[in-house]
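# Close look at the chain arrangement
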Amino acid sequence: MPALVLLGAQWGDEGKGKATDLLGGSVDYVVRYQGGNNAGHTVVVGDQKYALHLLPSGILSPGCTPVIGNGVVVDPSVLLSELSGLNERGVDTSKLLISGNAHIITPYNVTVDKVTERFLGKRKIGTTGRGIGPTYADKINRVGIRVQDLYDESILTQKVEAALDVKNQVLTKLYNRRAIAVGQVVEELLGYAAQIERYVADTVLVLNQALDDDKVVLFEGGQGTLLDIDHGTYPFVTSSNPTAGGACTGAGVGPTKISRVIGILKAYTTRVGAGPFPTELFDEDGEALRRIGGERGVTTGRDRRCGWFDAVIARYATRVNGLTDFFLTKLDVLTGWEQIPVCVAYEIDGKRVEELPYSQTDFHHAKPVYETLPGWSEDITKAKSFSDLPKNAQNYVKALEEMSGAPISAIGVGPGRDETIEINSFL
Ligand code: GDP
Ligand code: IMO
Ligand code: MG
């Protein structure tokens, strides 16, 4: 059964965009199933670099149909500007399909995201400020606006009224902000309706029919396992399920259809925003990883926090996602270190712990237990097969594979499509 899930195994920014794009040429559909324009996926094609936020990375592969599933939250203004940006660069976006059940990020959701973060002060999550959390909150509270609502003015008005009823009380009385006018929001949303209509489809039906016809469908996660609302480092997480199960609910495809789950795994670790991060480095090694790895957020431009590889997290990602494979990225960034520490376990209050603790308190106390592996100095960016890698790089990969619990089936040695070592084919 040709349905694959490709997701982040750490805290996001593992290189999902590149990996999806790489497979995009051989798959029929690429589907985003959760998140929204909080994502920043970089794809490098030849000398062209694309930063995608909301659109699936498959949009750059001509034969592939990109799909925004029901689990995604859609900011229509971002959608339209991302589409026109690609069109200006000659990319055909006409095949895009958007679920009528996807929820809309309204202007007031963006306002609430920003105001809430400001109000949290020191306790803030460090969100991307794109309205993600408040939009999912509205969805769960059953006061969300869906893409299909744009096509019934009366329903849309009633729903915006319901959503703003309580929010305006909170905005004016608690946050000391001006109330948001229903009419203004409705007018703005209606302004997008006609421009988006041609893409709106019953994506659940389309995808299930495609699978019945043996088409290849790739589900592309945003964010990463440790940012998952259920399985991540709550409350320092995003408000959706990037983990593998999210692909089923976020696209309307049953778990029996999923044949392979690929975890994108960076050869070291990064995180953006607040929250615990056991292997974080505050020294020149951290600075060097940031500089060499270009670790700056694609969406917010914030510097990413950097640290050594954490095998406890990789094992956890294997477990909660049922990973069948890893795609190890950015191995080239580690070239030049004489010794490379890898976190193999944690020490928590004097005890060695092999698995990720479920308790938030314990995780905040976790100190990495490192094993040090010998590094390499040879340029690996031209390597095309595993045997082209220097012995120490091979041993680093093998050690990570052993610690992480799933085979490493591809290795990224540079940002470009062709800077990849394929070990086992994904298709
Ligand atoms: P995503 O959010 O998971 O898609 O990842 P981002 O695009 O936010 O960040 C990954 C960055 O690493 C991007 O700038 C990619 O172009 C780059 N990248 C991906 N794979 C590799 C690799 O194997 N080596 C190097 N040097 N860069 C890579
Ligand atoms: P990609 O898909 C890294 C982080 C934010 C913040 C937390 C909640 O490029 O890997 P949100 O705006 O989602 O409510 O913010 O999640 N975050 C990401 N970190 N990569 C991402 O996406 C992220 N999307 C959200 O920094 O800590
Ligand atoms: Mg990113």
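Quick caveat: nothing in here was measured; it's all calculated off a predicted structure. By convention here, each chain's residues receive numbers from 1 onward along its written sequence. Chain letters start at A and ligand numbers start at 1, both assigned in the order the entries are written. For a predicted model such as this one, the threshold for reporting local features is a pLDDT of at least 70, and the threshold for listing and counting side-chain atom pairs is 80 or more; totals across whole chains, interfaces and linings nevertheless cover every residue. In computing side-chain properties, one takes all heavy atoms of the structure into account and sets aside hydrogens as well as water.

## Some details on the site of ligand 2
Quick reminder of the rule: We call a residue near a given molecule or strand whenever any one of its heavy atoms falls within 4 Å of it. In protein, a polar contact requires one atom able to donate a hydrogen and another able to accept it; more generally it is a pair of N or O atoms within 3.5 Å, and residues adjacent in sequence count only if both atoms are side-chain atoms. Using a 1.4 Å probe, the Shrake-Rupley method yields the accessible areas, and only the shown protein chains count as cover for residues. All amino acids are sorted into three groups, where Ala, Val, Leu, Ile, Met, Phe, Trp, Tyr, Cys and Pro are nonpolar, Asp, Glu, Lys and Arg are charged, and the leftover types, Gly among them, are polar. Per the annotation, domain bounds derive from an automatic or database assignment of domains.
In the vicinity of ligand 2 lie 20 residues, with K16, H41, T128, Q223 and T238 positioned nearest. At 2.6 Å, a side-chain N or O of T128 approaches an oxygen atom of ligand 2. Between Q223 and ligand 2, the recorded distance is 2.8 Å, taken from a backbone N or O atom to an oxygen atom. For ligand 2, the protein covers 97% of the area, taking 550 Å² as the surface of the free molecule. Counted by class, the shell around ligand 2 contains six nonpolar, eleven polar and three charged residues. For the shell around ligand 2, the domains that each give at least three residues are domain 1 (3-91 + 202-422) and domain 2 (103-198).

## Some words on the site of ligand 1
The test is simple: Secondary structure elements follow DSSP: runs of H or I no shorter than four residues count as helices, runs of E no shorter than two count as strands, and numbering proceeds from the N terminus.
In the region of ligand 1, 19 residues are neighbours, and K16, G17, G40, T42 and D332 sit closest. Interatomic distance of 2.8 Å between a backbone N/O atom of G40 and an oxygen atom of ligand 1. Within the contact set of ligand 1, an oxygen atom lies 2.6 Å away from a side-chain nitrogen or oxygen of T42. Relative to its unbound accessible surface of 590 Å², ligand 1 loses 92% to contact with the protein. The leading source of residues in the shell around ligand 1 is helix 1 (residues 16-24), at three residues. Taken together, the residues that form the shell around ligand 1 break down as four nonpolar, eight polar and seven charged.

## Section: the coordination of the magnesium ion (ligand 3)
Put simply, the rule is: Only nitrogen, oxygen and sulfur atoms within 2.8 Å of the metal, or 3.2 Å for Na, K and Ca, are treated as donors, and water is left out, so sites may look incomplete. Classification of residues uses two cut-offs on accessible area relative to the type maximum, computed with a 1.4 Å probe and protein chains only: under 20% is buried, over 50% is exposed, and between them is partly exposed.
Around the magnesium ion (ligand 3), the protein contributes the donor atoms D13 (OD) and G40 (O), at 2.0 to 2.1 Å from the metal centre. On the criterion of sequence distance, the pair formed by D13 in the loop between strand 1 (3-8) and helix 1 and G40 in the loop between strand 2 (29-32) and strand 3 (41-45) is long-range, its members being 27 residues apart. Assessed through its relative accessible area of 21%, D13 is described here as partly exposed.

## Regarding the UniProt feature "active site" (unreviewed entry) in the protein chain
Heads up, the rule is: UniProt positions are given in the numbering used here, feature names are shortened, and annotations may be inferred rather than shown by experiment.
UniProt tags D13, H41 and K139 as "active site" (unreviewed entry). A maximum C-alpha distance of 25.9 Å among these annotated residues, which run over 127 residues, shows that they spread across the structure rather than meeting at one spot. Structurally, the position occupied by H41 is in strand 3. Taking the relative accessible area as the measure of exposure, H41 reaches 4% and is therefore buried.

## Digging into the sheet that holds strand 9 (residues 200-201)
Convention followed: Whether two strands pair comes down to DSSP finding at least two bridges between them.
Strand order in the open sheet formed by ten strands is 9-7-5-2-10-1-11-15-19-20, and the pairing between neighbours is mixed. The sheet is open, and its two edges are formed by strand 9 and strand 20 (420-422), each paired on a single side. With four bridges connecting them, strand 1 and strand 10 (residues 217-220) associate as parallel partners. Each residue of the ladder has a partner; that of L4, found in strand 10, is L218.

## Structural notes on a positive patch on the surface
The condition that has to hold: A residue counts toward a patch only above 30% relative accessible area and without a salt bridge, and it is joined to like-charged neighbours within 9 Å or, for Val, Leu, Ile, Met, Phe, Trp and Tyr, to nonpolar neighbours within 5 Å. Whenever Lys or Arg places a side-chain nitrogen within 4 Å of a carboxyl oxygen from Asp or Glu, that contact is recorded as a salt bridge. When charges are tallied, Lys and Arg are placed among the positive residues and Asp and Glu among the negative ones, while His and the ends of the chain are skipped. Every charge is mapped to an atom, namely NZ of Lys, CZ of Arg, CG of Asp or CD of Glu.
On the surface, K114, R118, R177 and R178 cluster together into a patch of positive charge. Mapped onto the elements of the fold, R177 is located in the loop between helix 5 (153-174) and helix 6 (182-197). With relative accessibility at 35%, the residue R177 sits in the partly exposed group.

## Observations concerning the packing of helix 3 (residues 107-120) against helix 5
Operational definition: Axes here refer to lines fitted to C-alpha atoms; in helices the fit is confined to the stretch in contact. Angles between the N-to-C directions go from 0 to 180 degrees. For classification purposes, angles smaller than 35 degrees are called roughly parallel, those larger than 145 roughly antiparallel, those between 65 and 115 roughly perpendicular, and all remaining angles oblique. Crossing handedness is defined as follows: a turn of the near helix away from the far one that is anticlockwise and smaller than a right angle gives a left-handed crossing, while the clockwise case is right-handed. Any two residues whose heavy atoms approach within 4.5 Å at even a single point are treated as in contact.
Helix 5 packs onto helix 3 with a crossing angle of 30 degrees between their chain directions and a minimal axis gap of 12 Å. Relative to helix 5, the element helix 3 lies roughly parallel. Here helix 3 and helix 5 pass one another in a crossing that is left-handed. Of helix 5, the residues touching helix 3 (which contributes Y108, N109, T111, V112 and F119) are V160, A163, L164, K167, L171 and L174. Here the residues of the contact of helix 3 with helix 5 sort into eight nonpolar, two polar and one charged.

## A few points about the UniProt feature "binding site: substrate" (unreviewed entry) in the protein chain
Here the UniProt feature "binding site: substrate" (unreviewed entry) sits at V298, T299, T300, G301, R302, D303 and R304. By the secondary structure assignment, G301 is in the loop between helix 9 (284-293) and strand 13 (305-307). Here G301 falls in the partly exposed class, since its relative accessible area comes to 32%. With respect to the helices, strands and loops of the structure, D303 is situated in the loop between helix 9 and strand 13. Setting aside residues up to four positions removed in sequence, D303 forms contacts with R290, E295 and R296.

## Overview of the side chain of S99
With respect to the element layout, S99 can be found in strand 7 (residues 97-99). Of the polar contacts made by the side chain of S99, one reaches the backbone nitrogen of N101; its length is 3.0 Å. Excluding anything up to four places from it in sequence, S99 contacts I68, G69, N70, V147, A201 and T203.

## Section: the pattern of salt bridges
Between side chains of opposite charge, a pair can form as their charged atoms come close. Throughout the structure, instances matching the rule amount to 15 salt bridges. Between R304 and D13 there is a salt bridge, with the nearest N and O atoms lying 3.0 Å from each other. You can see R304 sitting in the loop between helix 9 and strand 13 and its partner D13 sitting in the loop between strand 1 and helix 1, a full 291 residues away along the chain. Taking the relative accessible area as the measure of exposure, R304 reaches 5% and is therefore buried. We note a salt bridge from E295 to K330, for which the minimum N-O separation is 2.9 Å. Of the two residues, E295 sits in the loop between helix 9 and strand 13 while K330 sits in the loop between strand 15 (325-329) and strand 16 (339-348), which places them 35 residues apart along the sequence.

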